[in-house]
Amino acid sequence: MAEQSIQLTKLASCAGCGAKVGAGVLAQLLGGLKVHSDPRLLVGFDKSDDASVYQVTDELALVQTVDFFPPIADDPYLFGQIAATNALSDVYAMGGEPKLALNLLCIPESMPKEAVHQLLRGGYDKAYEAGVIITGGHSILDPEPKYGLAVTGFVHPKKLLTNSAARPGDVLLLTKPLGIGVLTTAAKAGLASPEAMALAHRLMTTLNKAARDCMVRYAVHACTDVTGFGLLGHAFEMAQGSDTHLTLFPGEIDLIPEALEFARDGILPAGMYRNRHYAEAAVDPGSTELAVQDMLYDPQTSGGLLIAAAPEDADALLRELRGAVPSAQRIGVVEAYNGGPRISLC
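A quick note: this is a predicted structure, and the numbers were derived from the prediction, not measured.

Cut-offs used in this document
- Residues numbered from 1 in each chain as written.
- Predicted model: local features only at pLDDT ≥ 70, side-chain atom pairs only at ≥ 80, totals over all residues.
- Heavy atoms only, no water.
- Salt bridge = Lys/Arg side-chain N within 4 Å of Asp/Glu carboxyl O.
- Helix = DSSP H or I, 4+ residues; strand = E, 2+ residues; numbered from the N terminus.
- Buried < 20%, exposed > 50% of the residue type's maximum accessible area, 1.4 Å probe, protein only.
- 1 Å grid on protein atoms, 1.4 Å probe; cavity = no way out; pocket = protein on both sides within 12 Å on 5 of 7 lines; lining within 4 Å.
- Points joined across faces, edges and corners; volume = space filled by probe spheres on them.
- Contact = heavy atoms within 4.5 Å.
- Axes fitted to C-alpha atoms, helices over the stretch in contact; angles between N-to-C directions.
- Left-handed = near helix turned anticlockwise from the far one by under 90°.
- Nonpolar A, V, L, I, M, F, W, Y, C, P; charged D, E, K, R; others polar.

Draft legend 1. Expanded view of the pattern of salt bridges. Taken as a whole, this structure holds 13 salt bridges when the rule is applied. Taking the shortest distance from any N to any O, the salt bridge between Arg-121 and Asp-125 comes out at 3.6 Å. Taken together, the positions of Arg-121 and Asp-125, both in helix α4 (residues 113-130) and four residues apart, correspond to about one turn of that helix. Given the relative accessible area of 33%, Asp-125 is considered partly exposed. Between Arg-217 and Glu-320 there is a salt bridge, and its shortest N-O distance comes to 2.2 Å. Of this pair, Arg-217 sits in the loop between α7 (209-215) and β8 (220-225) while Glu-320 is found in helix α12 (residues 311-324), placing the two residues 103 residues apart along the sequence.

Draft legend 2. Examining empty space enclosed by the protein more closely. Considering all chains together, one arrives at two cavities of 30 Å³ or more under this definition. Counted as a void, the largest cavity has a volume near 60 Å³. Around the largest cavity sit 11 residues that line it, and Asp-49, Asp-50, Ala-93, Thr-224 and Asp-225 are the ones nearest its centre. Of all the elements in the fold, those that place two or more residues in the lining of the largest cavity are α3 (76-93) and β8. Element by element, the count of residues in the lining of the largest cavity is highest for β8, at three residues.

Draft legend 3. A look at helix α5 (residues 180-188). Those residues of α5 that fall on the buried side of the exposure criterion are Ile-180, Gly-181, Val-182, Leu-183, Thr-184 and Ala-186. In this structure, the buried side of α5 is in contact with α6 (194-204), α9 (257-264) and α11 (290-297).

Draft legend 4. Layout of the packing of α9 against α11. One way to put it is that α9 packs onto α11 with a least axis distance of 9 Å and a crossing angle of 115°. The crossing of α9 and α11 is right-handed. Residue-level contacts link Ala-259, Leu-260, Ala-263 and Arg-264 of α9 to Ala-291, Val-292 and Met-295 of α11. Counted by class, the contact of α9 with α11 contains six nonpolar, no polar and one charged residues.

Draft legend 5. A look at unusual backbone geometry. Positioned with a positive phi, Asp-243 is a non-glycine residue whose angle comes to about 55°. The residue Asp-243 is located in the loop between α8 (230-242) and β9 (244-248) in this model. Although it is not a glycine, Ser-302 adopts a positive phi angle of roughly 55°. If you trace the backbone, Ser-302 turns up in the loop between α11 and β11 (305-309).

Below is the structure:
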């Protein structure tokens, strides 16, 4: 079949969220742009959140986001699933419910029609699972295929979550293991085992819906999804935006074992180096092994949620999360910031 005869990752110079512009470069590109002010704009691009939020009424706010990237899997259907799952995640991270989406599709003129159909079917199937309606979209010809969604969701303005409201005393929870970027890099070289890639594909196609549905029932102060900037890049944005200090416990963080071994062998994605360059000045690594540090900077595609939960609700939330998302972990605490590094690894 056509979808089996084409190797999508061979058409891409960089895979998945590893293709994102580095956070530091992105901040420079956006600096100084003139924008309108509007008191109903609750979250804009001046923050580090991946979605914007606009208040429509006292009880309704609109959440909008967009995400697309080059292939991270050879199978078109799987690639469509991963890209859609990743795009929907930004709405879940803000405590919202995604409802509508538009396709963003770039395809080579030579790409078989059946492969394009399978790619789109993967996106539609994941949107259907999330209860989202894809209402149209836009497509262009491009030598390198890319796919994703522009997503619209809804949230109550008073229940909105951002990545910049963590408070001292909060407990940090993470809902998926780390190592996706390392594994996909190893896979491009033909080194990753079928078992490891099956795990990676399962993680990347797991919606953050179940984690979000648990999270909104408890006192949570901040949340972000862990994607292209890696755990430490996104944690740095949370600490900086909240004016707090985060202490992370690497020994408690679920690292995919095969990915850690590849990291020890120096098999690392280019995005890891960009993330390290961006955040390492704000990180005190302590005695943490270098390969473990690399894993914490590893760009994730369709990663989990990093949640700053109120201490009185953290245990109950973690129990419920583990019932819905077995890989949920307690990985650190939020503390008052007293100068120096924003993040400590202990």
